[in-house]
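Close look at the chain arrangement
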Amino acid sequence: MAMKLTTAGESHGPGLTCVLEGVPAGLVLDREAIDADLARRQLGHGRGGRMKIERDRVEVTGGVRHGRTLGGPIALQVTNRDYSNWEERMSPWPVEGEVAEVHLPRPGHADLAGTMKYGLTDVRDVLERASARETAARVAGGAVARSFLRALGVEIRSHVLQIASVNAPRRDAMTVEEFADVDSSPVRCLDEDATRAMVAEIDALRRANESLGGVFEVRAFGLLPGLGSHVSWEERLDGRLAQAVVSIQAVKAVAIGDGFEVAGLPGSQAHDEIFFDERRGYHRLTNRAGGLEGGMTTGDPLVLRGSMKPLPTLTKPLRSVDIATHEPAQALRERTDSCTVPAAGVVAEAMVAFVLADAYRAKFGGDHIDDVRAALAAYANRIAWRR
Ligand code: EPS
């Protein structure tokens with residue numbers, strides 16, 4: 001059984017939809033938990049005026065009855081409150097008045113390649129779908145995947161490690177409990193000094209009409225060894241996770257475990273030696289691999305970082321070209337966020353949740369959540385998994 005997550009919707013259209021397929025029947029869903037993830041995605045110092053308009057909440061229009069999944073596709077909707085300000089410009093149907101086209105592609109956005117590829121003359125026909133507003137739908141679907149994983153003992157968390165030039169100290173082993181207060185930091189960073197410096201950096205660069213990128217980290221706890229597979233490239237979980245996280249708007253790189261750092265180490269210091277004792281079974285004292293070896297989980301926590309470029313919509317725009325006249329022009333200037341790294345961490349949790357949920361579905365099958373639990377218990381017993 002494979003899972004599938006599909007989103008539809010434009011940034012200023014009527015709303016966003018997520019259809020999630022492959023969730024077993026009998027899973028208890030909590031509407032507040034889905035809404036809590038949607039609200040967490042709206043957080044973060046550096047968001048723009050749009051977040052004062054939206055109050056993202058989920059409407060479930062399929063696949064769930066009385067708080068339990070039915071085994072069919074789950075349809076989730078998030079309304080765009082801002083649509084009321086864009087009804088004429090974004091109506092799905094023809095309108096009476098003239099709607100001016102946008103002809104000024106932003107460097108770093110999908111605008112130019114998108115208009116060329118799809119044969120469009122209005123940049124808005126590309127930017128509306130390319131916008132990171134779409135991630136609200138991913139987070140809604142990811143929250144369902146997260147509920148499925150939670151039923152199997154898996155928890156996913158994220159935090160911010162870097163915003164522009166400010167770095168928080170990287171930590172080695174962490175527990176789920178250490179993330180308890182992460183959303184109370186205005187930049188979702190676990191280090192107080194770094195939080196203060198990040199907020200100051202955002203304020204300073206925003207005043208200078210700049211946008212900011214950074215690095216977030218996602219960790220998943222409670223995974224069994226052997227999710228994913230070494231046998232073919234498509235089944236390698238590291239590849240699937242990297243694809244899912246790099247697909248988040250503005251994310252340019254993913255590191256698993258010590259990712260880029262291991263490149264500079266001798267082999268003797270780059271791996272996690274294997275030990276065995278009766279109480280713990282197989283175990284490691286380090287986790288440089290970030291919980292993945294040979295495209296499979298090792299049973300240690302998954303550790304993954306994503307690097308985000310500074311957002312390409314700038315209040316002091318870069319040089320571009322008018323696609324109607326080919327004359328030099330300044331890129332489109334729109335209301336925007338200056339920094340969304342804290343939100344990107346929440347979106348990455350959702351994408352990681354989806355990929356891990358899919359890996360559990362692939363490995364354990366089952367039509368009802370109890371079938372999945374039974375298959376998982378039999379496997380844990382076969383491999384004598386002790387954690
Ligand atoms: C975005 C531009 C901004 C962001 C938006 C992503 O929207 P607007 O153009 O309406 O000001 O706020 O993100 C969201 C709406 C969201 O929910 O995250 C962009 O160009 O990608």
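Okay, so let's go over this structure. (Residues numbered from 1 in each chain as written. Predicted model: local features only at pLDDT ≥ 70, side-chain atom pairs only at ≥ 80, totals over all residues. Heavy atoms only, no water.)

The antiparallel open sheet is built from four strands, whose spatial order is β1-β2-β6-β3. Strands at the two margins of the open sheet, each flanked by one partner only, are β1 (4–8) and β3 (58–62). Within this sheet the neighbouring strands show an average axis-to-axis angle of 20°, counted without direction. Alignment of β3 against strand β6 (residues 74–79), held across four bridges, turns out to be antiparallel. Bridged to Glu59 within β6 is Gln77. Across the sheet, helix α1 (residues 31–41) is in contact with β3 and β6; its angle to β3 comes to roughly 130°. (Pairing = 2+ DSSP bridges. Helix = DSSP H or I, 4+ residues; strand = E, 2+ residues; numbered from the N terminus. Axes fitted to C-alpha atoms, helices over the stretch in contact; angles between N-to-C directions. Contact = heavy atoms within 4.5 Å.)

Turning next to the pattern of salt bridges. Applying the stated criterion across every chain, the model contains 34 salt bridges. Between Arg133 and Asp56 there is a salt bridge, with its nearest N and O atoms 2.8 Å apart. Of this pair, Arg133 sits in the loop between α5 (124–130) and α6 (135–151) while Asp56 sits in the loop between α2 (50–53) and β3; the two residues are 77 residues apart in sequence, bridging distant segments of the chain. In this pair, the class of Arg133 matches that of Asp56, namely buried. Ionic contacts of the salt-bridge type, sharing partners, join the residues Arg41, Arg50, Glu54, Asp56, Asp82, Arg133 and Arg335 into one network. (Salt bridge = Lys/Arg side-chain N within 4 Å of Asp/Glu carboxyl O. Buried < 20%, exposed > 50% of the residue type's maximum accessible area, 1.4 Å probe, protein only.)

Taken in spatial order, the five strands line up as β8-β7-β9-β15-β10 in an open sheet, and their pairing is antiparallel. Two strands in the sheet have a free side with no partner beyond their single neighbour: β8 (166–167) and β10 (251–256). Running over the sheet, helix α8 (residues 237–246) touches β9 (214–221), β10 and β15 (302–308) and is turned about 150° from β10.

Once that is clear, we can look at α1. Turning to α1, its buried residues number three or more, namely Ile34, Asp35, Asp37, Leu38, Arg40 and Arg41. The secondary structure elements touched by the buried residues of α1 are β3, β6, α6 and α9 (341–364). By the N-cap criterion, in which a side-chain oxygen at the helix start approaches the backbone nitrogen of a residue two or three places on, α1 is capped by Asp30, the distance to Glu32 being 3.0 Å. (Polar contact = N/O pair within 3.5 Å; in protein donor to acceptor, adjacent residues only side chain to side chain.)

By themselves, these figures tell us nothing about what the structure is for.
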